[in-house]
Amino acid sequence: MPENKKKGKAVLFLTPVTVLAVCAAIITAMGYMPFKKAMNYTNVLFSAEIPHEEVSEIKYDTKEVEEELDDGSKIVYPSFGAEYATLKIESIGLEAPVIWGDTSDLLQNGVCQYTGSAYIGLTGNVVLAAHCNTFFLDLGEMKPGDTAVLTTSYGEFTYRMTEQVFFKDTNNEYLYPTDDDRLTMYTCYGNLLGPTEDRLAVICELVEKKFYE
Amino acid sequence: MKRLKRIIAAITAVSFIAFGGISASATTADDVIAAARGAGILDTYVAQLENFLRANKFNSDQYDMMIDGLANIRNISMDVVRQYFPDAESIDEFFVGYEGGSSDDTTDDSSDSDNTTPTTKPNLTKDEQTIQDMAQQIQDNMTNEQMLEAIQEVIDTGKKIGLDITVEQTGDKSFTMTVKDKDGNVKLVAPIGKLVSTTGVEAQQQDGSFVPVAVICTAVLAAGGIGAYVLSRKNRRIGE
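For clarity, every value in this text was computed on a predicted model and none was experimentally measured.

Engineer: Please explain the overall build of chain A as it appears in this structure.
Structural biologist: A tally of regular secondary structure across chain A gives two helices and ten strands. Seen in sequence order, chain A has helices and strands lined up from the N terminus as α-β-β-β-β-α-β-β-β-β-β-β. Counting the 213 residues in chain A, one finds 36% classified as buried. Partitioning the intrachain contacts of chain A with sequence separation of at least 6 by distance along the chain shows that 54% fall at a separation of at least 24.

Engineer: Would you explain the packing of helix α2 (residues 29-38) of chain B against helix α3 (residues 43-55) of chain B in this entry?
Structural biologist: Helix packing for two helices is described by the angle between their axes and how far apart those axes are. Residues and elements named next belong to chain B. Where α2 meets α3, the axes come as close as 10 Å, and the angle between the chain directions of the two elements is 170°. In terms of orientation, α2 and α3 fall into the roughly antiparallel class. Counting all contacts with α2, which are made through Ala29, Val32, Ile33, Ala36 and Arg37, the residues of α3 involved are Val46, Leu49, Glu50 and Leu53. Tallied by class, the residues present in the contact of α2 with α3 amount to seven nonpolar, no polar and two charged.

Engineer: Looking at this structure, I do not really get the nonpolar core. What am I missing?
Structural biologist: The nonpolar side chains of soluble globular proteins are, as a tendency, buried together. In terms of nonpolar packing, the biggest core is built from 86 residues, with Leu87 and Leu128 of chain A touching the most fellow members. In this structure Leu87 of chain A touches Leu94, Ala96, Val98, Val111, Leu128, Ala148 and Leu150 of chain A, once residues within four positions along its chain are discounted.

Engineer: Can you help me understand α2 of chain B in this one?
Structural biologist: Turn by turn, an α-helix covers 3.6 residues, leaving residues three or four places apart pointing in a common direction. Residues and elements named next belong to chain B. The buried count for α2 comes to seven of ten residues, which makes it a mostly enclosed element. By the burial criterion, the buried members of α2 are Asp31, Val32, Ala34, Ala35, Ala36, Arg37 and Gly38. Directly after α2, the chain includes Gly40, whose backbone phi takes a positive value near 75°.

Engineer: Is there a simple way to explain the confidence of the model for chain A in this structure?
Structural biologist: For any part of a model where pLDDT is low, the fine detail of the predicted coordinates should not be relied upon. All names here are of chain A. Confidence in the prediction for chain A averages 85 pLDDT; 84% of positions are at 70 or higher. Mean pLDDT across the elements of chain A bottoms out in helix α1 (residues 2-45) (72) and peaks in strand β6 (residues 125-129) (97). Scored below 50 in pLDDT, residues 47-56 shows ten contacts in the model against residues more than four places distant or in partner chains.

Engineer: Is there a simple way to think about the sheet that holds β6 of chain A in this case?
Structural biologist: Whether parallel or antiparallel, the strands of a sheet pair through hydrogen bonds between backbone atoms. All names here are of chain A. Around the barrel, which closes on itself, the eight strands sit in the order β3-β4-β5-β6-β9-β10-β8-β7 with mixed pairing between neighbours. Taking the axes of each pair of neighbouring strands and ignoring which way they run, one obtains an average angle of 30° across the sheet. Where strand β3 (residues 83-89) lies against strand β4 (residues 94-100), six bridges are found, and the strand directions are antiparallel. Counterpart to Leu87 in the pairing with β4 is Ala96.

Parameters at a glance
Residues numbered from 1 in each chain as written. Chains lettered and ligands numbered in written order. Predicted model: local features only at pLDDT ≥ 70, side-chain atom pairs only at ≥ 80, totals over all residues. Helix = DSSP H or I, 4+ residues; strand = E, 2+ residues; numbered from the N terminus. Buried ≥ 20, exposed ≤ 12 C-beta atoms within 10 Å, placed from the backbone. Contact = placed C-beta atoms within 7 Å. Axes fitted to C-alpha atoms, helices over the stretch in contact; angles between N-to-C directions. Parallel < 35°, antiparallel > 145°, perpendicular 65-115°, else oblique. Nonpolar A, V, L, I, M, F, W, Y, C, P; charged D, E, K, R; others polar. Core = buried A, V, L, I, M, F, W, Y, C linked by C-beta atoms within 7 Å. pLDDT = per-residue confidence, 0-100. Pairing = 2+ DSSP bridges.

Take a look at the structure:
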């Protein structure tokens, strides 16, 4: 009889503990992704520095090359995967690192630049991409006239938004080189719950080019 | 046909400058860029090469090897031209009757424009525009095998100059090229074909850190299930 009582007490104690553990596991499993997304939203909203996840196993070259341009100003060509600028768009509260290269690994860490586009500061089309649920969450909120500032170790470059366009992911044209100084920023559009072929791009013209002495 | 002749002649003109017009002086990165343009390669890939050569310096012999590789790619491009215009008896006949054109004359051809076309295109001369049109046509009409052949040429050239180049097919006529130095450092990862990045939510969900969390949750759920079963059996026994 006392043994039965003991067992009964154990059951009485273990049942809620087990139920609690199961419930905690379910909540953790279901809440992990929304929590991560919410954290990203919060970081972007408050312009906090986004935690950088280390990309394991990939060893990037870290050599930079400095060169003097014809007009005497100096530019630093980044190595692949290097953070070499900061993008600031006040109107949507964004401040994010700009990385040279746009692989899926790099896209987790910042705003990524297509390597076939112009280095920041050189004439041409500077093409930047980022995820629609993190860094470029509010890209679509930019209005014509809003400014975007790219700051590098060698200069500061200010752009003004001129237009917003939509295109399919099979259309490469917005990534092609241009003769004018412009900034093209794009992200996914139309489906926040999964992959989409639709892209939203914001095109800006260069309004101020300032190389450091 | 006349337009095609202009295109071929324009490519030839640039190729002559790129391949035939190189003097005895040391070969430079600019010569490689000119050779790439002459090989009928799209501007965006030429820009990738140009950016790569700005950040990575090579010697004159290595630049020569790159130009040799690009000459072979040009031959592949010309094969595409031959296939695309099968009526031509010889590719050489296109060069006859080229009227030439003013290089100061910028193109105003907007027939290809639609609502998804950039509003400001590069201010290309007519010759440059025809070369780009041709390069686009070459890329559009290249078979997967021809693309792989051209890519193999890039890989072989990479080996000669001390770079380890690997290519992964990511879709139909879509590839990702990874360039590493001899120490295994990644120097470039470049898309070929489909250039627009995947910027949706999907890539975030592929984050590897979700896997251990999922494993732990599954283990806890399984343990919970087993525990519940054991408890229910015990409860039944106590009840009896």
